[in-house]
Amino acid sequence: MVEKAGSARGVVLITGTSSGIGLASAVAAARAGYTVVATLRDPDRAGALRTAADEAGVTLDIRRLDITEETSLTETVAEVVAAYGQLDAVVNNAGAGSVGTLELLTMDQVRAAFETNFFGTIAVTRAALPHLRASRGRLVTIGSIGGIVGQPFNETYCAAKAAVEAYLESLAPVADTVGVAVSIVEPGPVSSSFVDNIDLDRPAMLASAGPYTPAFGNYLEYIPAMFASAQTPEEVAATVLDVLADPAPPFRVQTSQFAREFVAGKLADLDGSTVVSTTRQWLGATSAE
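Here the structure is a predicted model, which means the values were calculated and not measured.

Colleague: What is the right way to read the pattern of salt bridges from this model?
Modeller: Oppositely charged side chains may form a pair once their charged atoms are brought near each other. For the structure shown, the criterion picks out six salt bridges. In this structure, E79 and R63 form a salt bridge, with 3.7 Å as the shortest nitrogen-oxygen distance. Taken together, the positions of E79 in helix α3 (residues 70–84) and R63 in strand β3 (residues 61–64) put the pair 16 residues apart, joining distant regions of the chain. For E79, a relative accessible area of 42% translates into the label partly exposed. For E169, the salt bridge identified is with R252, shortest N-O distance 3.2 Å. Pair noted here: E169 is in helix α5 (residues 155–176) and R252 is in strand β7 (residues 252–254), with a separation of 83 residues, a long-range link. For E169, a relative accessible area of 42% corresponds to the partly exposed category. Look at the salt bridges and you will find they share partners, linking E165, E169, E186 and R252 into a network.

Here's what the structure looks like:
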């Protein structure tokens, strides 16, 4: 990314900075010399962000932005450009988890997950693109290995992340023709409050899982093992900073060896049998009875 006069390394807007990867990326980018506009849906939840910035000795421009509200989105982007005269990068990080298989979710819950994880991400991208074209800047989106490999009881979340992957993979060469680099950062398990923020009452879900109770119970027992080797948000943020600074960033970047191997396994699995066999084991079964 070309360095700009307004700051050492340009102006970057990051969504979903109240915790986790977004918070860590905002602090890391400010420490690296960027002017950081750290946005979050609820300003009352900015306490951890302010504390982290103070401890790091950096300054953040903290603003409200709800990626599912068009007025909030367009007004915030316009205000940022008016304040700084430019927008050089956007990090799409805001998202929401969704746990539960299709019969255990309402269609409203499915649509809400897509509204945040897919439509919200695309809306931010659309609002930012004219300004990124002007600055010949870049768009970095926090994806997930779940957008590559579908995972049991995460169908809705994985589907929304896969939709983001497909959309931005299609957009990337088009954006490149007007000088905007598009990249997706794909973490594996991350130890952050993102998982804790999922509205998940495990006993209640198990009690209402009906025929899915055994599989869901096995899945819940498997999850801690997957997160035993989780990365920290700061480790993922380091990858985000690498992508922001790379003169020719790749489209798809995994953040760990685990994530690289996980994604590579899917890309080599032409008929899907290996992936489905693997994820079926998470449920404690080899086939349907």
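Colleague: Help me understand the sheet that holds β3, please; the structure alone is not making it clear to me.
Modeller: Strand pairing in a sheet takes place through backbone hydrogen bonds and is either antiparallel or parallel in direction. Sheet architecture is open: seven strands sit in the order β3-β2-β1-β4-β5-β6-β7, paired in parallel fashion. A single partner strand is all that each edge strand has here, and the edge strands are β3 and β7. Along the sheet, successive strands turn relative to each other by an average axial angle of 20°, direction set aside. Two elements, strand β4 (residues 89–92) and strand β5 (residues 138–142), share four bridges in a ladder whose sense is parallel. Its bridge partner being in β5, N92 is matched across the sheet by T141. Taken strand by strand, α5 contacts β5, β6 (181–186) and β7, and its axis lies near 155° from that of β6.

Colleague: I would appreciate a short explanation of helix α4 (residues 107–135) in the present structure.
Modeller: Along an α-helix, a turn takes 3.6 residues, which lines up residues three or four apart on a common side. Under the 1.5 Å per step criterion, the end-to-end length of α4 is 40 Å for 29 residues, consistent within 8% with the ideal 42 Å. The largest bend along α4 measures about 45° and falls at L129, with the proline P130 one to four residues further on. Of the residues one or two after α4, R136 is the one with positive phi, at around 50°.

Colleague: Quick question: what am I supposed to make of α5 here?
Modeller: Taking 1.5 Å of rise per residue, the 22 residues of α5 would be expected to cover 32 Å, and the 31 Å separating its terminal C-alpha atoms lies within 8% of that figure. Its axis deflected by about 25° at S170, α5 carries its strongest bend there, up to four residues before the proline P173. The set of residues buried in α5 consists of T156, Y157, C158, A160, K161, V164, E165, L168, L171, A172 and A175.

Colleague: What's the story with the packing of aromatic side chains in this structure? I'm lost.
Modeller: Two measures describe an aromatic ring pair: the distance that separates the ring centres and the angle between the ring planes. Scanning the entire structure with this criterion turns up eight aromatic pairs. A centroid spacing of 5.6 Å and a plane angle of 35° characterise the contact between F153 and Y219, whose relative ring orientation is tilted. Taken together, the residues F153 in the loop between β5 and α5 and Y219 in helix α8 (residues 213–227) connect sequence positions 66 residues apart. Here the aromatic rings of F258 and F262 are separated by 5.5 Å at their centres, their planes lie at 15°, and the arrangement is stacked. Of the two residues, F258 and F262 are both situated in helix α10 (residues 257–267); the distance of four residues between them amounts to about one turn of the helix. Within the aromatic cluster, the residues linked to one another by ring pairs are Y222, F258, F262 and W282.

Colleague: I tried to follow the side chain of N154 on my own but got confused; where do I start?
Modeller: Structurally, the position occupied by N154 is in the loop between β5 and α5. Setting aside anything within four residues of it in sequence, one finds N154 in contact with S98, V99 and Y219.

Colleague: So what exactly am I meant to see when it comes to the environment of E235 here?
Modeller: As for its position among the elements, E235 is in helix α9 (residues 233–245). Sequence separation between E235 and P187 is 48 residues, and the spatial gap between their C-alpha atoms is 9.6 Å.

Colleague: Quick question: what am I supposed to make of the confidence of the model for the chain here?
Modeller: Predicted coordinates in areas of low pLDDT are best not read in detail. Mean pLDDT over the chain works out to 91, with 92% of the residues at or above the 70 mark. Across residues 1–6, confidence stays below pLDDT 50; counting only partners more than four residues off in sequence or on other chains, it has 16 contacts.

Colleague: How do you make sense of the environment of T177 when you look at a structure like this?
Modeller: Of note, T177 is situated in the loop between α5 and β6. Each C-alpha atom, one on T177 and one on T74, is 24 Å from the other, the two residues being 103 residues apart in sequence. Within the local environment of T177, its side chain forms a polar contact with the backbone oxygen of V174, the two atoms lying 2.6 Å apart.

Analysis parameters
Residues numbered from 1 in each chain as written. Predicted model: local features only at pLDDT ≥ 70, side-chain atom pairs only at ≥ 80, totals over all residues. Heavy atoms only, no water. Salt bridge = Lys/Arg side-chain N within 4 Å of Asp/Glu carboxyl O. Helix = DSSP H or I, 4+ residues; strand = E, 2+ residues; numbered from the N terminus. Buried < 20%, exposed > 50% of the residue type's maximum accessible area, 1.4 Å probe, protein only. Pairing = 2+ DSSP bridges. Axes fitted to C-alpha atoms, helices over the stretch in contact; angles between N-to-C directions. Contact = heavy atoms within 4.5 Å. Expected span 1.5 Å × (residues − 1). Bend = angle between axes of the 7 residues up to and from the residue. Phe/Tyr/Trp six-rings, centres within 6.5 Å; stacked < 30°, edge-to-face > 60°. pLDDT = per-residue confidence, 0-100. Polar contact = N/O pair within 3.5 Å; in protein donor to acceptor, adjacent residues only side chain to side chain.

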